[in-house]
Amino acid sequence: MGIQITPSILNADFGNLAAEVGRIPSADMVHVDVMDNHFVPNLTLGLPVVEALIRVSPIPIDCHLMIEDPDRWAPGYAEAGAKSVTFHVEAVKDAVATSRAIRAAGARAAFAVKPGTPFAPYADLLPEVDMVLVMTVEPGFGGQSFMADQMPKVREVREAVRMHGGEVWIQVDGGVSASTIEQCAEAGADVFVAGSAVYGAESAAGAIDDLRALAARHAHG
Ligand code: DX5
Ligand code: ZN
């Protein structure tokens, strides 16, 4: 699949989401951060807004669920037509059943790990998912500083995916910018969330092009 840039709309204008998606025509997916004020100390949007966004967006939707009880809620985002649905391992009760429910509803399934959460205990889940999200900030807010100390975890996931042999994407999320994307790509990430680096730029489309070119220098193929 190669390099994918998935801009986060967390720092876009929530009053005009359709137009904000229109600013990123070259994006591979639109990253939508769903927060419930329980799993993280912030509240954003939920299924009704995601459904509305799916109706108007020409770009597939990538839902990052930072919520409690994703077992209950995640399949609904897949049924709504999201291309990819990511739950957090820290919140899920039955990761296998939840992944299977997401896939059965026609979406790609993914799990996310917070910075303090190791990957190794979840490596056995690789056959059940299509993507692993390694957080490079504490989830909850956009515009935080990139945590370079998560790069060994990205390498570990890349090695596990190589051993597993399937096509599992590796996404990084948090503080990804022109100055940090190269080390993520070098470590083995291939799907890059960028919020402020895209929506804070004068040209969102230009920022996507720049990020894609920088990541491509280190593509693992
Ligand atoms: C943080 C979210 C991120 C956030 C990224 O909890 O998961 O997707 O929007 O924003 P930046 O790129 O500004 O760190
Ligand atoms: Zn996110």
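Note that this is a predicted model, so its numbers are computed, not measured.

Could you give an account of the pattern of salt bridges, with specific residues and numbers?
Any two side chains of opposite charge can pair, given that their charged atoms come close. Here the structure, examined in full by the defined rule, presents 9 salt bridges. The partner of Glu20 in a salt bridge is Arg23, and the shortest N-O contact between them spans 3.3 Å. By relative accessible area, Glu20 is classed as buried at 9%. One salt bridge in this structure joins Arg212 and Asp28, with 2.9 Å as the shortest N-O distance. You can see Arg212 sitting in helix α8 (residues 204-216) and its partner Asp28 sitting in the loop between α1 (17-22) and β2 (30-35), a full 184 residues away along the chain. Given the relative accessible area of 23%, Arg212 is considered partly exposed.

Just give me the short version of the sheet that holds strand β8 (residues 191-194), but keep the residues and values in it.
Spatially, 8 strands are ordered β1-β8-β7-β6-β5-β4-β3-β2 in an open sheet, and the strand pairing comes out parallel. The two strands at the open ends of the sheet, each matched to only one other strand, are β1 (4-7) and β2. Between one strand axis and the next, the sheet turns through 25 degrees on average, direction left out of account. Direction of pairing for β1 relative to β8: parallel, over a ladder of 4 bridges. By the bridge assignment for β8, Ile5 is matched with Phe192. Of the strands in this sheet, β4 (84-88) and β5 (108-113) are in contact with helix α4 (residues 95-104), which crosses β4 at around 165 degrees.

Describe the coordination of the zinc ion (ligand 2), with residues and values.
Within the protein, the zinc ion (ligand 2) binds to His31 (NE2), Asp33 (OD), His64 (ND1) and Asp173 (OD); these donor distances fall in the range 2.0 to 2.3 Å. One way to put it: the 6 donor atoms around the zinc ion (ligand 2) meet at angles of 71 to 170 degrees, and that makes the site octahedral.

Please give an account of the side chain of Asn42 that cites residues and values.
By secondary structure assignment, the location of Asn42 is in the loop between β2 and α2 (47-56). Sequence-distant contacts of Asn42, defined by excluding residues within four places in its chain, comprise Met35, Asp36, Asn37, Gly140 and Phe141.

Give me the pairing of β2: which residues, what numbers.
With 6 of 6 residues buried, β2 is to be regarded as a mostly interior element. Of the two faces of β2, the one holding Val30, Val32 and Val34 and the one holding His31, Asp33 and Met35 are both buried throughout. Once you follow β2 into α2 and on to strand β3 (residues 61-66), the crossover reads as right-handed.

Residues and numbers for the site of ligand 1, please.
Within the structure, ligand 1 sits among 21 residues, and Gly140, Asp173, Gly175, Gly195 and Ser196 are positioned closest to it. Here Gly143 contributes a backbone N or O atom positioned 2.8 Å from an oxygen atom of ligand 1. Within the complex, the protein chains bury 100% of what would otherwise be the 380 Å² of accessible surface of ligand 1. Elements supplying a minimum of two residues to the shell around ligand 1: β2, β3 and β8.

So what about the side chain of Thr136? Which residues, and what values?
With respect to the secondary-structure elements, Thr136 resides in the loop between β6 (131-135) and α5 (151-164). Residue class for Thr136 comes out buried when judged on its relative accessible area of 0%. If sequence neighbours within four positions are ignored, Thr136 has contacts with Ser145, Phe146, Met147, Gln150, Met151, Val172, Asp173, Gly174 and Val176.

How would you summarise unusual backbone geometry if you had to cite specific residues and measurements?
One non-glycine residue, Asn37, lies in the positive phi region at around 65 degrees. You can see Asn37 is positioned in the loop between β2 and α2. Positive phi, normally seen in glycine, also occurs at Asp69, with a value near 50 degrees. Among the structural elements, Asp69 can be located in the loop between β3 and α3 (70-79).

Pulling in residues and values, what's your account of the packing of aromatic side chains?
Within this structure, the stated rule accounts for 2 aromatic pairs. Ring geometry for Phe111 against Phe119: centres 6.4 Å apart, planes inclined by 10 degrees, an arrangement best described as stacked. On the basis of relative accessible area, Phe119 is assigned to the buried category, the value being 2%. Measuring from centroid to centroid gives 6.3 Å for Phe111 and Tyr122, while their planes differ by 50 degrees, and the two rings are tilted. Highlighted residues: Phe111 in strand β5 and Tyr122 in the loop between β5 and β6, separated in sequence by 11 residues. For Phe111, a relative accessible area of 0% translates into the label buried.

Conventions we followed
- Counting restarts for each chain: residues are numbered from 1 in the order of the written sequence.
- Chain letters start at A and ligand numbers start at 1, both assigned in the order the entries are written.
- Whole-chain, interface and lining totals are the exception, using all residues; otherwise, since this is a predicted model, local features are given only for residues with pLDDT of at least 70 and side-chain atom pairs are given and counted only at 80 or more.
- Hydrogens are left out, water is left out, and the side-chain values use all remaining heavy atoms of the structure.
- One side-chain nitrogen of Lys or Arg within 4 Å of one carboxyl oxygen of Asp or Glu is enough to make a salt bridge.
- Burial status follows relative accessibility: with a 1.4 Å probe on protein chains alone, a residue under 20% of its type maximum counts as buried, one over 50% as exposed, and anything between as partly exposed.
- Working definition: helices are DSSP H or I runs of at least four residues, strands are E runs of at least two. Numbering for both runs from the N terminus.
- The rule for pairing is simple: two strands pair if DSSP sees at least two bridges between them.
- Only the stretch in contact is used when fitting a helix axis, every axis being a line fitted to C-alpha atoms; angles between N-to-C directions are given from 0 to 180 degrees.
- Whether two residues are in contact is decided by their heavy atoms, any of which lying within 4.5 Å being enough.
- Only nitrogen, oxygen and sulfur atoms qualify as donors, provided they sit within 2.8 Å of the metal or within 3.2 Å for Na, K and Ca; with water excluded from the atoms, sites may seem incomplete.
- Donor angles set the geometry label: tetrahedral for four donors if every angle is between 85 and 135 degrees, square planar for four and octahedral for six if opposite donors exceed 155 degrees and the others are between 65 and 115, irregular for anything else.
- By convention, a crossover is right-handed whenever its connection, traced from the first strand over the helix to the second and viewed with the strands pointing away, goes clockwise.
- One heavy atom within 4 Å of a molecule or strand makes the whole residue count as near it.
- What qualifies as a polar contact is a pair of N or O atoms within 3.5 Å, subject to a donor-acceptor requirement within protein and to the restriction that residues adjacent in sequence count only when both atoms come from side chains.
- Where accessible areas are quoted, they stem from the Shrake-Rupley method and a 1.4 Å probe; at the residue level, only the protein chains shown are allowed to cover.
- Two rings from Phe, Tyr or Trp (for Trp, the six-membered ring) form a pair when their centres are within 6.5 Å of each other. A pair whose planes differ by under 30 degrees is stacked, one over 60 is edge-to-face, and the rest are tilted.

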